[in-house]
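Okay, here's what each chain looks like letter by letter:
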Amino acid sequence: MTKTPNTPPKILGADSWVIAEGLAGLQAQGLGLAEAAGLTPQILEIKPRWPWSLMPATAWPEPLGAVGITKPPEGLLITVGGKAAVVGAHLKTRGRTVVQVQNPRMALNKFDLVVANRHDEISGANVIITRTALHRATTARMAEAKLAWADRLSHLPRPLVAVLVGGSNGRFRMEHAEGVAFARQLSQTLVRQRVGMMVTPSRRTSPDVRAVLEHSLRPLGAYVWNMQGDNPYFGMLAHADLIIVTMDSVSMVSEAVATSAPVLIADQPGKSRRIGLFIEGLIKDDRVRRYVGGVDFWPVQPMDDTPWAGEEVRRRLGLDGGG
């Protein structure tokens, strides 16, 4: 797998669309792939209409009508997630070029290309396998965020630990009890190891958990984002000497390991075979370790397959004029 930090040239006249539900994580994966392939994407957000919202997407008799698409978009289409895959497979039958991100859970030949993570456990001639999820944490975006947040984070001690907090998602749980236990761990790390700490919740973090983190960590000198004003997420990634991230989000873990900081995974109650395989793979690569209440520094290299995946899409689709 050959990777290069070079930004691919823009494809003049090429149009692209990211088709996904209104979930930031899904849209970011599609946008990240499109940008890495040198495209300037637009988002087509889909939301199933009633009564199609009551049934599995694979049962939709007319996928475009189910999500309200009256005029199919032209150009390269990047579909992300299961519902978008059903739409993309239908658009492929109408002559569109479709790249599916994530395991579509249907015949892979319904798409021109499928970009999936190794924990999806699929393979095929038209499949591009990455170690981590696609994302938009590019070198340029991180450098910009580092500069923008330098003054606002300069008061925090070093080494500086960034904490990325997810939430409950149907597979893992992060409610009041889990928030209290996590806040206790983080407080002990702050006091015993005298690190600086900056914490950002996500949209899935419950208000209760956010309050627990704020009340526990702010008095100890931690920066805890209150979900108001500028989002510090990329700034925190850029400035972190070490990152702690909850295990519920493949996207957050993938963005964390794209940095040059060691990454610790905070366990949560629950179970997911796919996420378990994903994390175990990164542990075997020694790119992440488990968070057990203390920080642990070791030499790492950034792990980011998004640029390579973008190059592969260009090459396989002949976007540079080749075959």
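Residues numbered from 1 in each chain as written. Predicted model: local features only at pLDDT ≥ 70, side-chain atom pairs only at ≥ 80, totals over all residues. Heavy atoms only, no water.

K.L.:
Describe the pattern of salt bridges, listing the residues and the values that go with them.
P.N.:
Counted under the stated rule, the structure contains 19 salt bridges. Taking the shortest distance from any N to any O, the salt bridge between lysine 92 and aspartate 112 comes out at 2.7 Å. Of the two residues, lysine 92 is situated in helix α3 (residues 82-93) and aspartate 112 in the loop between β4 (97-101) and β5 (113-117); the sequence distance between them amounts to 20 residues. On the basis of relative accessible area, aspartate 112 is assigned to the partly exposed category, the value being 23%. Its salt-bridge partner being aspartate 241, residue arginine 158 comes within 2.8 Å of it at the nearest N-O pair. Placement of arginine 158 in the loop between α4 (139-153) and β7 (160-165) and of aspartate 241 in the loop between α7 (233-239) and β10 (242-246) is noted, with a sequence separation of 83 residues between them. The class for arginine 158 is partly exposed, based on a relative accessible area of 49%. The partly exposed category is assigned to aspartate 241, whose relative accessible area is 28%. (Salt bridge = Lys/Arg side-chain N within 4 Å of Asp/Glu carboxyl O. Helix = DSSP H or I, 4+ residues; strand = E, 2+ residues; numbered from the N terminus. Buried < 20%, exposed > 50% of the residue type's maximum accessible area, 1.4 Å probe, protein only.)

K.L.:
Tell me about helix α6 (residues 207-217), residues and numbers included.
P.N.:
Those residues of α6 lying buried are Val209, Val212, Leu213, Glu214 and Leu217. As for α6, its buried residues are in contact with β7, α5 (176-193), β8 (196-201) and β9 (223-224). (Contact = heavy atoms within 4.5 Å.)

K.L.:
Go over the pairing of β10 with me, naming the residues and quoting the values.
P.N.:
For β10, a buried count of five out of five residues is recorded, marking the element as mostly surrounded by other parts of the structure. Here β10 shows a buried face lined by Leu242, Ile244 and Thr246 and a second buried face lined by Ile243 and Val245. As judged from the four bridges shared by β7 and β10, these two strands associate in the parallel manner. Counterpart to alanine 162 in the pairing with β10 is isoleucine 243. Judged from the four bridges that link them, β10 and strand β11 (residues 263-266) form a sheet pairing that is parallel. Note on β11: the bridge partner recorded for threonine 246 is alanine 266. What joins β10 to β11 is helix α8 (residues 250-257), and the crossover it makes is right-handed. (Pairing = 2+ DSSP bridges. Right-handed = clockwise from strand over helix to strand, strands pointing away.)

K.L.:
Quick rundown of the nonpolar core? Include the residues and the values.
P.N.:
Soluble globular proteins tend to pack their nonpolar side chains together in the buried interior. Ranked by internal contacts, the top residues of the largest apolar core, which has 35 residues, are Leu164, Met198, Ile243, Val263 and Ile265. Listing elements by their share of this core, those giving two or more residues are α4, β7, α7, β10, α8, β11 and α9 (273-284). In terms of residue count, the dominant contributor to this core is α8 (five residues). Grouped together as the second largest cluster of nonpolar side chains are 25 residues, Val199, Val209, Ala222 and Tyr291 included. (Core = buried A, V, L, I, M, F, W, Y, C linked by side-chain atoms within 4.5 Å.)

K.L.:
Pulling in residues and values, what's your account of the sheet that holds strand β6 (residues 127-130)?
P.N.:
As summarised here, the arrangement of the six strands in space is β2-β1-β3-β4-β5-β6, forming an open sheet in which the pairing is parallel. Pairing within the sheet leaves two strands with one partner each, and these edge strands are β2 (41-46) and β6. Averaged over all adjacent pairs, the angle separating strand axes in this sheet is 20 degrees, with direction ignored. For β5 and β6, the ladder comprises four bridges, and the chain directions are parallel. Looking at the pairing, alanine 116 lines up with isoleucine 129 of β6. (Axes fitted to C-alpha atoms, helices over the stretch in contact; angles between N-to-C directions.)

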